[in-house]
Amino acid sequence: MTTAPTGPPETGLLLPEPDDDGAPFWSYASAGELRVQTCSDCGRRRFPPRPCCPRCRSFEAEWQRMSGRGRIWSYVVAHPPLLPGYAEAALYNVLVVELADDPAIRLVGNLVAAPDAPLGSAAAGKLRIGAPVRAVFRQVGDGERLMAVPRWVLERP
Amino acid sequence: MKDATAIVGIGQTPFAKRLPESEKALACRAILRALDDAGIDPSEVDGFASYTMEETDEVEVAKSIGAGDVTFFSKVGYGGGGSCATVAHLATAVATGQATVGVAWRSRKRGSGGRPWRNTTVQLPTPAQWTRPFGLLRPADEIGMLTRRYMHEYGATRDHLFNVALACRNRANQNPAAMMYERPLTREMYMTSRWISEPLCLFDNCLETDGALACVVVSADRARDCRSRPVYVHSAAQGLPAQHHGMVNYWTEDPLRGPAWTAAQQLWKHADLCPQDVDVAQIYDAFTALVPLSLEGYGFCGRGEGAAFTEGGALEIGGRLPLNTSGGGLSEAYVHGFNLITEGVRQLRGTSTAQVPNAATCLVTAGEGVPTSALLLRS
Ligand SMILES: [Zn+2]
């Protein structure tokens, strides 16, 4: 299971701009929970969140808690030119992780060396498609807002 | 729709990293050249089509060029995915009597005007909230993610991507209008160039260009009276697959089966031709990796075979499928793929700077990885 974010917020990065459908995801993230929108009628999980179920068209949904375990589906290593904040963190990786609970649900994130380590902290040699990872949460802030984003650490560092 | 309309005029401005004129002035120049190429007076124009990202609009363009009363105007979304759809919308409008002389255009100062991904305020919450905070900032990052997975699943290598970059560059070296006309590319240059977003390097990315292009669409009947040889719109299609998510298509069951597959199904369904009949292809190349994905989607090879298809000079003149014969977005100019349409027309007129002998059919595609479109042109 994942745990609530600890340590000082990382600054200089873009904060998520939640829409109505996505807002619950970010609220749960702030509590250290990885939850995915799930149809209350047919049980189909969907990501990104949206108003109704593409399978049964129900508007009733709940947010199911995931184990936080997954595997790297793909990744890139970003080099400049980049936005300020990211340029300072370069070279950093970006992952797509498929969740162990439901491989059809994939999340974009970053592999970090430890839960409180910054963007770009994971060694490039650790990146491998298929590598098992688990979610951790990191606070990010821009002076006005404080949020938490899921990040990923290797199950077997 | 089949062969009911034709492209009878094409026009363009120079391509450069920086042009002094405004996007509006460039648009007018390209459109007036296209009309002159067709031998049609601007006052006869009654239809317009462009991209939603186009910043010059019908009102400004129509009054500047002295168009007549306009009865059809349309804009297509999703950046470079809309290129072929502009012609498709005009073809539909002309074929159904909504317009008689249609103009499609794209004018863009992407070379000197800044990079869209640097704008952090104008971002859709969906899907950007799920990607941008993690530093997936640029189109190169988004497509790089799919490219890595593609390489992993099918054994594609950087050499395959180089084959695409090289074919485009070789054609640009034959085209005096191309930004890379005098700039040959070698494998060593490619392999040692700087990374942008691994696995994509500098030469996997398209150019940054100021420039404008336009074309004129009329009925097949009218086309016979025009100044230039008509190039017929044999088939046209748009494609937005079920559960597609745009450039960050990571959330669909099969992210590597992109919009090309949907557009292709529609395109071939309404055509008398099949992929084997295509003499030359202009495939959208904002990134090299889009070419193998598109080759699969449009049926030139099987799933996972797009990278291998590029081997043995297949994309060069004389190969199985000569590609992007003016240099494409990678080496001629990146104007959201409109130069692929005009080059398709030149090939079928027999006036390309890298002419495929006796080319009679040309596939032109729009951006893969976003809701897309395609044209099958014939002479
Ligand atoms: Zn349902």
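Rules of the game
- Residues numbered from 1 in each chain as written.
- Chains lettered and ligands numbered in written order.
- Predicted model: local features only at pLDDT ≥ 70, side-chain atom pairs only at ≥ 80, totals over all residues.
- Heavy atoms only, no water.
- Helix = DSSP H or I, 4+ residues; strand = E, 2+ residues; numbered from the N terminus.
- Contact = heavy atoms within 4.5 Å.
- Donors = N, O, S within 2.8 Å, 3.2 Å for Na, K, Ca; no water.
- Tetrahedral: all angles 85-135°; square planar, octahedral: opposite > 155°, others 65-115°.
- Buried < 20%, exposed > 50% of the residue type's maximum accessible area, 1.4 Å probe, protein only.
- UniProt positions renumbered as here; feature names shortened; annotations may be inferred.
- Disulfide = S-S within 2.5 Å.
- Axes fitted to C-alpha atoms, helices over the stretch in contact; angles between N-to-C directions.
- Left-handed = near helix turned anticlockwise from the far one by under 90°.
- Nonpolar A, V, L, I, M, F, W, Y, C, P; charged D, E, K, R; others polar.
- pLDDT = per-residue confidence, 0-100.
- Expected span 1.5 Å × (residues − 1).
- Arc of directions from axis to C-beta.
- Domains from an automatic or database assignment.
- Buried area = accessible area lost by both parts, 1.4 Å probe.
- Salt bridge = Lys/Arg side-chain N within 4 Å of Asp/Glu carboxyl O.
- Polar contact = N/O pair within 3.5 Å; in protein donor to acceptor, adjacent residues only side chain to side chain.

In the annotation of an unreviewed UniProt entry, chain B is listed under the name Lipid-transfer protein and assigned to Streptomyces smyrnaeus.

For chain A, the name recorded in an unreviewed UniProt entry is OB-fold domain-containing protein, with Streptomyces smyrnaeus as its organism.

## Details of the environment of A:Val133
Residue and element names in this part refer to chain A. Looking at the secondary structure, you find Val133 in strand E7 (residues 132–141). Along the primary structure Val133 and Leu111 are separated by 22 residues, whereas in three dimensions their C-alpha atoms are 8.3 Å apart. Ignoring anything within four residues of it in the chain, the contact list for Val133 reads Gly68, Arg69, Gly70, Arg71, Ile72, Val97, Leu111, Trp152, Val153, Leu154 and Glu155.

## Quick look at the coordination of the zinc ion
Residue and element names in this part refer to chain A. Bound to the zinc ion on the protein side are Cys39 (SG), Cys42 (SG), Cys53 (SG) and Cys56 (SG), at distances that span 2.3 Å. Note that the zinc ion binds 4 donor atoms; their angles at the metal cover 99 to 117 degrees, and the shape is tetrahedral. In primary-sequence terms, the residues that donate to the zinc ion follow C-x2-C-x10-C-x2-C. Judged by its relative accessible area of 34%, Cys56 falls in the partly exposed class.

## Topic: the UniProt feature "domain: ChsH2 C-terminal OB-fold" (unreviewed entry) in chain A
Residues annotated in UniProt with the feature "domain: ChsH2 C-terminal OB-fold" (unreviewed entry) correspond here to residues 63–138 of chain A. Along residues 63–138 of chain A one finds 5% helix and 42% strand; the C-alpha atoms at either end are 20 Å apart.

## Observations concerning the state of the cysteines
Defined simply, a disulfide is a covalent bond joining two cysteines at their sulfur atoms. Residues and elements named next belong to chain B. If you walk through the whole model with that rule in mind, you get 0 disulfides over all chains. Cys206 takes part in no disulfide bond, and the closest cysteine sulfur, belonging to Cys168, lies 11 Å away. Among the cysteines around Cys215, which has no disulfide bond, Cys84 carries the closest sulfur, lying 9.7 Å off. The buried category is assigned to Cys215, whose relative accessible area is 0%.

## Brief notes about the packing of helix H9 (residues 259–269) of chain B against helix H10 (residues 290–297) of chain B
Residue and element names in this part refer to chain B. Following both chains from N to C, one finds H9 and H10 inclined at 35 degrees, their axes separated by 8 Å at the closest point. In terms of crossing hand, the pair formed by H9 and H10 is right-handed. Between H9 and H10, the residues in contact are Ala260, Trp261 and Ala264 and Ser294, Glu296 and Gly297, respectively. A breakdown of the residues in the contact of H9 with H10 according to their chemical character gives 3 nonpolar, 2 polar and 1 charged.

## Re the UniProt feature "domain: Thiolase C-terminal" (unreviewed entry) in chain B
Mapped onto this numbering, the UniProt entry annotates "domain: Thiolase C-terminal" (unreviewed entry) at residues 253–371 of chain B. Along residues 253–371 of chain B the backbone is 33% helical and 7% strand, and the end-to-end C-alpha distance reaches 17 Å.

## A look at the confidence of the model for chain B
For chain B, per-residue confidence averages 96 on the pLDDT scale, and 98% of positions sit at 70 or higher. Taken over the whole predicted complex, pTM reads 0.97, whereas the ipTM for its chain interfaces reads 0.97.

## Focus on helix H6 (residues 158–172) of chain B
All names here are of chain B. Spanning 15 residues, H6 covers 21 Å between terminal C-alpha atoms, matching the ideal 21 Å at 1.5 Å per step. For H6, the buried fraction is high: 12 of the 15 residues fall into the buried class. Residues Arg158, His160, Leu161, Phe162, Val164, Ala165, Leu166, Ala167, Cys168, Arg169, Arg171 and Ala172 constitute the buried set of H6.

## A short note on the side chain of B:Thr131
Along the polypeptide, B:Thr131 turns up in the loop between helix H4 (125–128) and helix H5 (139–154). Note on B:Thr131: relative accessible area 2%, which makes it buried. Apart from the residues lying within four places of it in its own chain, the contact partners of B:Thr131 are A:Val108, B:Leu136, B:Val248 and B:Trp251.

## So, helix H2 (residues 58–65) of chain B
Residue and element names in this part refer to chain B. If you check which residues of H2 are buried, you get Glu58, Val61, Ala62 and Ile65. All buried residues of H2 fall inside an arc of 95 degrees around its axis, so they share one side. With respect to the buried face of H2, the exposed residues turned more than 90 degrees away are Val59 and Lys63. For H2, the secondary structure elements touched by its buried residues are helix H1 (23–38), strand E2 (47–51), strand E3 (72–76) and strand E4 (102–109). Taken from the residues just after H2, Gly66 is the one with a positive phi, measuring 75 degrees.

## Remarks on the domain arrangement of chain A
All names here are of chain A. The domain architecture assigned to chain A consists of domain 1 (17–65) and domain 2 (67–157). A straight line from the C-alpha centre of domain 1 to that of domain 2 covers 21 Å. Each partner contributes to the interface: domain 1 provides 14 residues, whereas domain 2 provides 16 residues. Between domain 1 and domain 2 the total buried area reaches about 1100 Å² when both faces are included, carbon and sulfur atoms providing 72% of it. Seen at the junction of domain 1 and domain 2, the total is 2 salt bridges. The interface formed by domain 1 and domain 2 contains 3 residue pairs in polar contact (both at pLDDT 80 or more). The element best represented in the side of domain 1 that touches domain 2 is helix H1 (residues 23–30), accounting for 4 residues. For the side of domain 1 that touches domain 2, the residue count by class is 7 nonpolar, 2 polar and 5 charged.

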